[in-house]
Amino acid sequence: SHSWLWMDVRTAAGEVQQWGLELPPPNGLLRRGVRRTMLTPGDRITARAFPAVDGRHIGSAQSLTLVTGTRVPLGPYEPEPVPGPASPRNPAVSAK
């Protein structure tokens, strides 16, 4: 079964939303160099993911950038940021 990372995300309006990101299974994370000690509650990280099409606050993580600056690729490819609102045809939106 896959792993899940639950995180609080602050929106541009300042509200906090809880998001769940599906990650590879534990063995897949180990093969990518991810260890339990790399993430601790409260760390500020950057996640790149494809959000759920139905609008729920979940998605498929494609990469994480840890507080140390280490980038961990997780998926077969990483979405590139594109301008405009998220939608099924435009899943990768820059959080800037």
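Going by the structure above, here's the rest.
## Here we look at the overall build of the protein chain
Summing up its helical and strand segments, the protein chain has 1 helix and 5 strands in all. Secondary structure of the protein chain in N-to-C order comes out as β-β-α-β-β-β. The buried share among the 96 residues of the protein chain stands at 24%. Taking as baseline every contact in the protein chain between residues at least 6 positions apart, the subset at least 24 positions apart corresponds to 33%. Surface exposure of the protein chain reaches about 6800 Å², of which carbon and sulfur atoms provide 55%.

## Remarks on the environment of Pro41
The residue Pro41 is located in the loop between helix H1 (26-31) and strand S3 (46-51) in this model. On a C-alpha basis, the gap between Pro41 and Met7 in space is 8.9 Å, while along the polypeptide they are 34 residues apart.

## Description of the pairing of strand S2 (residues 16-23)
Pairing of strand S1 (residues 3-10) with S2 involves 8 bridges; the strand directions are antiparallel. Within S2, the residue paired with Asp8 across the bridge is Gln18. Counting the residues in the hairpin turn of S1 and S2 gives 5 residues, including Gly14, whose phi is positive at 90°. Pairing between S2 and strand S4 (residues 58-65): 3 bridges, direction parallel. Paired with Gly20 across the two strands is Ile58, which belongs to S4.

## Concerning the nonpolar core
Of all hydrophobic cores here, the largest spans 11 residues; its members are Leu5, Met7, Leu21, Leu23, Leu29, Val34, Ala61, Leu64, Leu66, Val72 and Leu74. Elements that contribute at least two residues to this core include exactly S1, S2 and S4.

## As for the environment of Gln18
Within the secondary structure, Gln18 is located in strand S2. When the C-alpha atoms of Gln18 and Asp8 are compared, they prove to be 4.5 Å apart, with 10 residues separating the residues in sequence. Setting aside anything within four residues of it in sequence, one finds Gln18 in contact with Trp6, Met7, Asp8 and His57.

The rules behind each value
- Residues numbered from 1 in each chain as written.
- Predicted model: local features only at pLDDT ≥ 70, side-chain atom pairs only at ≥ 80, totals over all residues.
- Heavy atoms only, no water.
- Helix = DSSP H or I, 4+ residues; strand = E, 2+ residues; numbered from the N terminus.
- Buried < 20%, exposed > 50% of the residue type's maximum accessible area, 1.4 Å probe, protein only.
- Contact = heavy atoms within 4.5 Å.
- Areas by Shrake-Rupley, 256 points an atom, 1.4 Å probe, with all protein chains shown as cover.
- Pairing = 2+ DSSP bridges.
- Core = buried A, V, L, I, M, F, W, Y, C linked by side-chain atoms within 4.5 Å.

These results come straight from atomic positions and should not be treated as a statement about function.
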